[in-house]
Amino acid sequence: MAARRCHCHPAALLLVLAALAAAFGPDGSSPRPGVGAPGSAVRLQESDPGVVKAVRFAEERYNRGSNAATIRRVIRVLSATKQLVKGVKYRITVEIGNTMCKKNSQLGVSDGCAFTSEPQKLKMEVCVFEVWDVPWQSKSTLVKQKCQPAVPPKEPRKMASVPLSVSEPSQESLELLTLFKEFMEKHNRTYSSQEETEKRLRIFKQNLKTAQTLQSLEQGTAEYGVTKFSDLTEDEFRMSYLNPLLSQWALQRPLKPAARPRDPAPASWDWRDHGAVGPIKNQGMCGSCWAFSVIGNIEGQWFLKRGSLLSLSEQELVDCDRLDQACGGGLPSNAYEAIENLGGVETETDYSYTGHKQHCSFSSGKVAVYINSSVELAKDESEIAAWLAENGPVSAALNAFAMQFYRKGVSHPLKIFCNPWMIDHAVLLVGFGERKGVPFWAIKNSWGEDYGEQGYYYLYRGNGLCGINRMCSSAVIN
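For the structure given in this document, a descriptive report is provided here. Computed from a prediction, not measured in an experiment: that's the story for all the values here.

Right, let's talk about empty space enclosed by the protein for a bit. Evaluated as defined, the whole model comprises three cavities of 30 Å³ or more. Lining of the largest cavity is provided by Lys281, Phe292, Ser293, Gly296, Glu299, Glu314, Ala426, Val427, Leu428, Lys444, Asn445 and Ser446. Of all the secondary-structure elements, those providing two or more residues to the lining of the largest cavity are helix H7 (289–306) and strand S13 (425–435). Broken down by element, the residue count for the lining of the largest cavity peaks at four residues, all from H7. Broken down by class, the residue content of the lining of the largest cavity amounts to four nonpolar, four polar and four charged. Put simply, the second largest cavity is a space of about 40 Å³. As for the second largest cavity, its lining consists of Ala258, Ala259, Arg260, Pro261, Leu377, Ala378, Glu383, Ile384 and Trp387. Of the residues belonging to the lining of the second largest cavity, the class tally is seven nonpolar, no polar and two charged.

This is the structure in structure tokens:
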């Protein structure tokens, strides 16, 4: 359950923070490890003995299969989780680099191997390893290994609102508490007890580390840091704001292919400049992004065919679409069919948004917009851009992992953090172009104007990043 939101009295807040300062160690460390539901993945610290063992095992197996002339070692652990599945499955994300030790018969005994002092020879990679450990059989297995080069940023960048490392641990702890206090005040947070507040601070601290990792490995111009989602775990964020059904490819209803665009895409295009995009909306703590994506597309299509930009009802789909699961998620292909079956869409004014499922109150007499059918676009991004410029904003979906901590700029996370097959959020493509030579998609989101750049997310365009090209579609209005 995500945190409640209400006004917090400054004096009470200071008392809570004073208690937290006592409850946490001088380095801001957690007083007790986190736990999760049985079978769920639990985040671990780098120093956890199981993580240390899994890292050494993965490192040894990596070197055994590597063609490198020297032994390569883990530079740092970026993240680690464990899951109980007939043993323990560790998933660790690490940075790996070259040492000065040549490979020999003692492969795997690498503790004494120093890293090369020449940065260009370090050849850093980011790797994800999954190690399955069965303690009662004294058996470990490397079940997954995926690595890619770690591309250093072109210019040194600082992440806004994240404390820098300092020599005195107490100063670091103070900065953490100050940041958390500012976060609580800005986003109007209060929690039910000191225990809950301590829990949220631990999550906040871990999320700062995740944002720092994204920033240090960012290949675009994005800035990551503290956002209004910084006190939510990854699972809470996913359950409250994302849409797990989007990755269920077998559930998707096939759509007719869209006609190919007549002309190549221009260098840039933005439907906001042509009146086809309405104001940013807010889905709240409801996984109804699929409804906002489809309704945004229909608003644009109606404007282009009829010359009138109407704000249409997402709540109608949440309540009346029997093919989808309301705040539990849905698919754009189902939403188009539901609208055709209902006979159209009411306006936002006539059927306003509540952010939770309620009794279907659709009235055919209040239909403001109808659609005739729906189409699926090709997966080539140049063709998607050309189609968008000719035909209007496009319903799309993507892997939203990096979006939880996005603040501004053109986001280009490593693919290893943004699996294109793990799509979990529906959005609206409204335009494209370049910023200082970096190609981007302009994406209308549904998390309010206080998210990203006035409610918009900008994503690198050109290589199917985060699966943005895999589920593009549009309603058809004759």
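Text resumes after the structure shown.
Take the nonpolar core next. By size, the foremost hydrophobic cluster in this structure holds 60 residues, and its most contacted members are Leu429, Trp441, Tyr457 and Ile468. Secondary structure elements with two or more residues in this core: strand S4 (125–134), helix H5 (194–216), helix H6 (234–241), helix H10 (381–391), strand S10 (394–398), S13, strand S14 (438–444) and strand S15 (456–460).

Let us look at the state of the cysteines. Applying the stated rule across the entire model yields five disulfides. At a sulfur-sulfur separation of 2.0 Å, the disulfide partner of Cys127 is Cys147. Sign of the S-S torsion, about 115° for the bond between Cys127 and Cys147, identifies this disulfide as right-handed. Here Cys127 is found in strand S4, whereas its partner Cys147 is found in strand S5 (residues 139–149), with 20 residues between them in sequence. A relative accessible area of 0% means that Cys127 is categorised as buried. Judged by relative accessible area, Cys147 falls into the partly exposed class, the value being 27%. If you count the bonded cysteines of the protein chain from the N-terminus, they pair up as 1-2, 3-4, 5-7, 6-8, 9-10.

Bringing unusual backbone geometry into the picture now. Backbone geometry at Lys123 places phi at a positive 50°, although glycine is not the residue there. In this structure, Lys123 sits in the loop between helix H3 (119–122) and S4. Positive phi values are uncommon outside glycine, yet Cys466 reaches one of about 60°. With respect to the helices and strands, Cys466 occurs in the loop between S15 and strand S16 (473–476).

Next up on the list: the pattern of salt bridges. Counted under the stated rule, the structure contains 24 salt bridges. With a closest N to O distance of 2.7 Å, Arg64 and Glu60 form a salt bridge. Of this pair, Arg64 and Glu60 are both found in helix H2 (residues 49–65), four residues apart, which corresponds to roughly one turn of the helix. Residue Glu60 is classed as buried on the basis of its relative accessible area of 16%.

Attention now goes to the packing of aromatic side chains. Applying the stated rule across the entire model yields 21 aromatic pairs. Arranged with centres 6.4 Å apart and planes meeting at 75°, the rings of Tyr241 and Trp447 form a pair that is edge-to-face. In this pair, Tyr241 sits in helix H6 while Trp447 sits in the loop between S14 and S15, placing the two residues 206 residues apart along the sequence. According to the relative accessible area criterion, Trp447 is buried, its value standing at 1%. Within the aromatic cluster, the residues linked to one another by ring pairs are Phe229, Phe237, Tyr241, Tyr406, Trp447, Tyr451 and Tyr457. Here Arg272 stacks its cationic end above the ring of Tyr456, 4.2 Å away from the centre of that ring. Above the face of the Trp441 ring, Arg461 is positioned so that its terminal group lies 5.9 Å from the ring centre.

Here we come to helix H9 (residues 332–342). Regarding H9, the residues found buried are Pro332, Ser333, Asn334, Ala335, Tyr336, Ala338 and Ile339. If you follow the buried residues of H9, they end up packed against H7, helix H8 (314–320), strand S9 (373–376), S10 and S16. The first or second residue beyond H9 is Gly343, which carries a positive phi of 110°.

All right, on to the environment of Ile339 then. Tracing the sequence through the fold places Ile339 in helix H9. Exposure remark for Ile339: the relative accessible area of 1% places this residue in the buried category. Remark: the alpha-carbon pair of Ile339 and Ile371, spanning 32 residues in sequence, is separated by 7.4 Å. Not counting residues up to four positions away in its chain, the partners in contact with Ile339 are Val294, Ile298, Leu317, Gly344, Val345 and Ile371.

Parameters and conventions
- Residues numbered from 1 in each chain as written.
- Predicted model: local features only at pLDDT ≥ 70, side-chain atom pairs only at ≥ 80, totals over all residues.
- Heavy atoms only, no water.
- 1 Å grid on protein atoms, 1.4 Å probe; cavity = no way out; pocket = protein on both sides within 12 Å on 5 of 7 lines; lining within 4 Å.
- Points joined across faces, edges and corners; volume = space filled by probe spheres on them.
- Helix = DSSP H or I, 4+ residues; strand = E, 2+ residues; numbered from the N terminus.
- Nonpolar A, V, L, I, M, F, W, Y, C, P; charged D, E, K, R; others polar.
- Core = buried A, V, L, I, M, F, W, Y, C linked by side-chain atoms within 4.5 Å.
- Buried < 20%, exposed > 50% of the residue type's maximum accessible area, 1.4 Å probe, protein only.
- Disulfide = S-S within 2.5 Å.
- Salt bridge = Lys/Arg side-chain N within 4 Å of Asp/Glu carboxyl O.
- Phe/Tyr/Trp six-rings, centres within 6.5 Å; stacked < 30°, edge-to-face > 60°.
- Lys NZ or Arg CZ within 6 Å of the ring centre and 35° of its normal.
- Contact = heavy atoms within 4.5 Å.

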